[in-house]
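Examination of the molecular architecture
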Amino acid sequence: MPGIDESLLEAMRLPGARGASLVDWISGLALGAVGDAPGGDWEATAAETAELGRHVAESGSLAAAGTAGGTVAPGKEPPVEDLIATTGDAYHLLRFVSTPFDSTVFLHLWLDRNDGNLALARIRLAEMADRLVLG
């Protein structure tokens, strides 16, 4: 089972990958990062994507049918699997990671829009999130 560094390096092997990070959406900190950062600063990118991730993860209207929104309880799945933001030249894919303690992290993959394959990236990032070992 790969750790943070191995998972991020694996993400960088995806076609069109520009950068990848693991972000704690509660603290806004990057727990690990590789490649280029959108805007040139991983700390700022982590804080900004954490804000977005927190809003989505805590949204009651986006929760799966039959579940309540709000803070993710320990050992529970985040209500959203992933989030995709597109820009004129890139895709940003945030994949929420289920953990045994609090599930407050996500993988952030920054893909070049011309070279990246969003469908493949979603599949591979989901596989990485399932295998990721934290701690």
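The coordinates are above.
Definitions and cut-offs
Residues take numbers from 1 onward in each chain, read along the sequence in its written order. Reporting of local features is limited, given that this is a predicted model, to residues whose pLDDT is at least 70; pairs of side-chain atoms are given and counted only at 80 or more, and all residues count toward the totals for whole chains, interfaces and linings. With hydrogens and water set aside, each side-chain value is computed from the structure's full complement of heavy atoms. DSSP calls a pair of strands paired once it identifies at least 2 bridges connecting them. Each helix is a run of DSSP H or I of at least 4 residues and each strand a run of E of at least 2, with the numbering of both proceeding from the N terminus. Basic side-chain nitrogens of Lys or Arg form a salt bridge, by our definition, when they fall within 4 Å of a carboxyl oxygen of Asp or Glu. Type-normalised accessible area, obtained with a 1.4 Å probe on protein chains alone, sets the label of each residue: buried when under 20%, exposed when over 50%, and partly exposed for intermediate values. Each polar contact in these results corresponds to two N or O atoms within 3.5 Å; when the atoms are within protein, one needs to be able to donate a hydrogen and the other to accept it, and residues that are neighboring in sequence are counted only if both atoms are side-chain atoms. Contact between two residues is taken to exist if any of their heavy atoms lie within 4.5 Å; hydrogens are not considered. Note on definitions: angles span 0 to 180 degrees between N-to-C directions of axes, and those axes are lines fitted to C-alpha atoms, for helices only across the stretch in contact. An expected span of 1.5 Å times one less than the residue number is assigned to each helix. To be clear, the arc concerns the directions from the helix axis to the C-beta atoms.

Focus on the pairing of strand β2 (residues 29-35)
Sheet faces and side chains relate simply in a regular strand, where the side chains alternate between the two faces. Sheet topology places strand β1 (residues 17-24) next to β2; six bridges connect them, and they run antiparallel. The partner of L22 across the bridge, within β2, is G32. Counted between consecutive antiparallel strands, the loop separating β1 from β2 contains four residues, among which G28 sits at a positive phi close to 80°.

Some details on the pattern of salt bridges
In the structure shown here, the tally under the stated rule is seven salt bridges. Here E51 and R54 are joined by a salt bridge, their closest N and O atoms 2.8 Å apart. A residue pair is termed a helical-turn pair when its members lie 3 or 4 positions apart in one helix, as E51 and R54 do in helix α2 (residues 42-57) at three residues. Note on E51: relative accessible area 38%, which makes it partly exposed. On the accessibility criterion, R54 (21% relative accessible area) is partly exposed. Across the pair R95 and E81 runs a salt bridge, and its minimum N-O distance is 4.0 Å. Of the two residues, R95 sits in strand β4 (residues 90-97) while E81 sits in the loop between α2 and β3 (82-86), which places them 14 residues apart along the sequence. A relative accessible area of 12% places R95 in the buried class.

As for the side chain of D112
Along the polypeptide, D112 turns up in strand β5 (residues 105-112). Side chain to side chain, D112 and R18 meet in a polar contact 3.0 Å long. The residues contacting D112, other than those within four sequence positions of it, are G16, R18, D89, A90 and Y91.

Description of the sheet that holds β4
Strand order in the open sheet formed by five strands is β2-β1-β5-β4-β3, with antiparallel pairing between adjacent strands. One side of each edge strand has no neighbouring strand; the edge strands of this open sheet are β2 and β3. Within this sheet the neighbouring strands show an average axis-to-axis angle of 15°, counted without direction. This element, helix α1 (residues 4-12), spans β1, β2 and β5 of the sheet and lies at about 150° to β1. Lying on the sheet, α2 is in contact with β1, β2, β3, β4 and β5; it crosses β1 at an angle near 60°.

A word on the environment of P38
Along the chain, the position of P38 falls in the loop between β2 and α2. Residue classification places P38 among the buried residues on the basis of a relative accessible area of 17%. The residues contacting P38, other than those within four sequence positions of it, are T45, H92, H108 and W110.

Quick word on helix α3 (residues 118-131)
The end-to-end C-alpha separation of α3 is 20 Å, in line with the 20 Å expected for 14 residues at 1.5 Å each. For α3, every residue scored as buried is listed here: A121, L125, A126, M128 and A129. All buried residues of α3 lie within an arc of 165° about the axis, which places them on one face of the element. In α3, the exposed positions angled more than 90 degrees off the buried face are occupied by A119 and D130. The N-cap of α3, judged by a side-chain oxygen 3.2 Å from the amide nitrogen of A119 a few residues on, is N117.

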